[in-house]
Amino acid sequence: MHSDTFSIIVVFECGALMWKVVPPHRWAFFCVLVWGTASTLQAAAYNWAGLLASRFFLAAAEAAFAPGIPYLLSFFYKRNELGLRCGLYVSAAPLATTFAGALAYGITSGHPPIANWRLLFLVEGIPSVLLAFVALRYMPDSADTAHFLNEEERQVAKARAVQQTGSEGVARIGHIDLKDSFRALKDVKTWIPPLMYFSCNVSFSSLPVFLPIILQSMGFTAINAQGLSAPPYFVAFIVCVTTTWIADRTRQRGAMIVGLSLVGGVGYVLLTTCKSVGVRYFAVFLAAAGVFSCIANILPWTLNNQGSDSKRGAGIALLNIVGQAGPLLGTRIFPTSEMPYFVKGMSICAAFMFFNALLALALRMWLAWENDTFARRDAESRQDGGVAKPGSADFENEGYGFRNVL
């Protein structure tokens, strides 16, 4: 079932571009409503075909919604502000997983009049349906149209939007520049992050699914394994937020990803080679912190270094089309026949984390070379008398003074 879901997600990833074509509050409403309805209807399924149909619409809605959130955030925040916001978004995954086991146990431990698994789908789906209408009513399409801002704050928001793309926030919605999008697809820096995302997703997809089984293989009971899976995820939540904030301040996101990849890789190496329960449990902390935090930094790095909205849309769509194929591998490498150490699965995850570090280092070198090119371009502009100030209109859209985030 997991593999079928991820296959559908890969197909519908281009829906991320719809955040720019359709007013975001309407697109969010549509995606969340479909997701919540499909999740709720799973409770009514009585055969494999019915459940698969629900999963199809659930996966399609998730693919159209989730990857576009970082893209949407780039409409509101500048490049040096985006990482923390993406970190808060991604950190919701380990934070939710921290409490997921206890919540599921609490929901299913009683004696409801319907099957426990049906009740679980209802609890997941119904709140999402309600929140879809909240998004339709209150979600702003851009900072300068936010109803909760006063007139002075709206003027500031408009000025920030002009700095980003040379146009106000409202003008950025409702269309996409296909030439810009295809231009982004010809750029090397558009293709390396998807490979990084694929590498991380091999682990990102398998860890939440198989961690309780891995902990049980260490000798813990099923209940204790659920409880012991919470602390690593909580640490991952803290590391996600902290590292994205630091990378924003230092503009050194590539170095951060290299370090986090090595941390995650070492965690998987320890899980592969060590037999001590204490060491292996410590390794789970390293793996979780490294994998989740890499994802949290890859998303803003993709957006940081694409100048226009259309380029960012193409970059984030490609990131997810390629990257979401990672779970197709990740969910197949931990067969129960390889318990208790899952040597093959751990080794594959370790290899991809180290490969991710090499990709991040290569991309950082490429971006540094591009920055030298931008510096020469600016010098020539000054010599020709066409001097603009960094921070002026269209600055972040690869204008005068633009530099890649390394």
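Small disclaimer: the values here were computed from a predicted structure and weren't measured.

What about the overall build of the protein?
Next up, step 1: Scanning the protein from N- to C-terminus turns up 17 helices and zero strands.
Next up, step 2: Looking at the protein as a whole, 49% of its 406 residues are labelled buried.
Next up, step 3: In the protein, the share of contacts with a sequence separation of at least 24, taken over all contacts with a separation of at least 6, comes to 79%.
Next up, step 4: Surface exposure of the protein reaches about 17,700 Å², of which carbon and sulfur atoms provide 69%.

Regarding the pattern of salt bridges
Next up, step 1: For the structure shown, the criterion picks out three salt bridges.
Next up, step 2: Note that K189 is salt-bridged to E370, the shortest N-O span being 3.1 Å. Of the two residues, K189 is situated in helix α10 (residues 188-217) and E370 in helix α17 (residues 343-383); the sequence distance between them amounts to 181 residues. When sorted by exposure, K189 lands in the same class as E370, which is buried.

Remarks on the packing of aromatic side chains
Next up, step 1: Here the structure, examined in full by the defined rule, presents 11 aromatic pairs.
Next up, step 2: Seen from their ring centres, W366 and W369 are 5.2 Å apart, and the 40° between their planes marks the pair as tilted. Taken together, the residues span about one helical turn, with W366 and W369 both in helix α17 at a distance of three residues.
Next up, step 3: Of the residues examined, W369 reaches a relative accessible area of 47% and is grouped as partly exposed.

Quick look at α10
Next up, step 1: Its 30 residues give α10 an end-to-end C-alpha distance of 43 Å, which sits within 8% of 44 Å, the value for a rise of 1.5 Å per residue.
Next up, step 2: F210 marks where α10 bends most, by close to 55°; the proline P212 follows one to four residues later.
Next up, step 3: Put simply, D187 is the residue that caps the front of α10, since its side-chain oxygen is 3.2 Å from the backbone nitrogen of K189.
Next up, step 4: Downstream of α10 by a residue or two, G219 has a phi angle that is positive, lying close to 110°.

A word on the nonpolar core
Next up, step 1: Within the largest apolar cluster, 66 residues are counted, with the highest numbers of intra-cluster contacts made by M196, Y268, W301 and F334.
Next up, step 2: It is helix α14 (residues 277-304) that contributes the most residues to this core, 14 residues altogether.
Next up, step 3: Setting aside residues no more than four positions away along its own chain, W301 makes contact with M196, R253, G254, I257, A360, L363, R364, L367, V405 and L406.

Notes on a nonpolar patch on the surface
Next up, step 1: Residues L178, F182, L185 and W191 make up a contiguous nonpolar surface patch of about 410 Å² in total accessible area.
Next up, step 2: Looking at which element gives the most residues to the nonpolar patch, the answer is helix α9 (residues 178-185), with three residues.
Next up, step 3: Structurally, F182 is set in helix α9.

Thoughts on the packing of α14 against α17
Next up, step 1: Packing of α14 against α17 leaves a shortest axis separation of 12 Å and a crossing angle of 25°. Considering the angle they form, α14 stands roughly parallel to α17. Where α14 crosses over α17, the handedness of that crossing is left-handed. In contact with G290, V291, C294, I298 and W301 of α14, α17 contributes M353, N356, A360, L363, R364 and L367.
Next up, step 2: In terms of residue class, the contact of α14 with α17 is made up of eight nonpolar, two polar and one charged.

Overview of the side chain of S229
Next up, step 1: Relative to the helices and strands, S229 resides in the loop between α11 (222-228) and α12 (230-250).
Next up, step 2: A residue is classified by how much of its surface remains accessible, and S229, at 5% relative accessible area, is buried.
Next up, step 3: The residues contacting S229, other than those within four sequence positions of it, are L211 and L215.

Details of the packing of α10 against α17
Next up, step 1: Orientation of α10 relative to α17, taken along the N-to-C sense of each, is 155°, at an axis distance of 9 Å. The angle between the axes of α10 and α17 places the two elements in the roughly antiparallel class. Handedness of the α10/α17 crossing: left-handed.
Next up, step 2: Partitioned by chemical class, the residues of the contact of α10 with α17 number 20 nonpolar, four polar and two charged.

Focus: the environment of L270
Next up, step 1: Along the chain, L270 falls in helix α13 (residues 253-273).
Next up, step 2: Here the alpha-carbon distance between L270 and Y281, two residues 11 residues apart in the chain, equals 9.5 Å.
Next up, step 3: Beyond its immediate sequence surroundings of up to four residues, L270 is in contact with A283 and L286.

Brief notes about the confidence of the model for the protein
Next up, step 1: The share of residues in the protein with pLDDT of 70 or more is 86%, and the mean pLDDT across the chain is 82.
Next up, step 2: Across the protein, the secondary-structure element scoring lowest on mean pLDDT is helix α1 (residues 2-11), at 52, and the one scoring highest is α13, at 94.

Rules of the game
Residues numbered from 1 in each chain as written. Predicted model: local features only at pLDDT ≥ 70, side-chain atom pairs only at ≥ 80, totals over all residues. Heavy atoms only, no water. Helix = DSSP H or I, 4+ residues; strand = E, 2+ residues; numbered from the N terminus. Buried < 20%, exposed > 50% of the residue type's maximum accessible area, 1.4 Å probe, protein only. Contact = heavy atoms within 4.5 Å. Areas by Shrake-Rupley, 256 points an atom, 1.4 Å probe, with all protein chains shown as cover. Salt bridge = Lys/Arg side-chain N within 4 Å of Asp/Glu carboxyl O. Phe/Tyr/Trp six-rings, centres within 6.5 Å; stacked < 30°, edge-to-face > 60°. Expected span 1.5 Å × (residues − 1). Bend = angle between axes of the 7 residues up to and from the residue. Polar contact = N/O pair within 3.5 Å; in protein donor to acceptor, adjacent residues only side chain to side chain. Core = buried A, V, L, I, M, F, W, Y, C linked by side-chain atoms within 4.5 Å. Patch = residues over 30% accessible without salt bridge, like charges linked within 9 Å, V, L, I, M, F, W, Y side chains within 5 Å. Axes fitted to C-alpha atoms, helices over the stretch in contact; angles between N-to-C directions. Parallel < 35°, antiparallel > 145°, perpendicular 65-115°, else oblique. Left-handed = near helix turned anticlockwise from the far one by under 90°. Nonpolar A, V, L, I, M, F, W, Y, C, P; charged D, E, K, R; others polar. pLDDT = per-residue confidence, 0-100.

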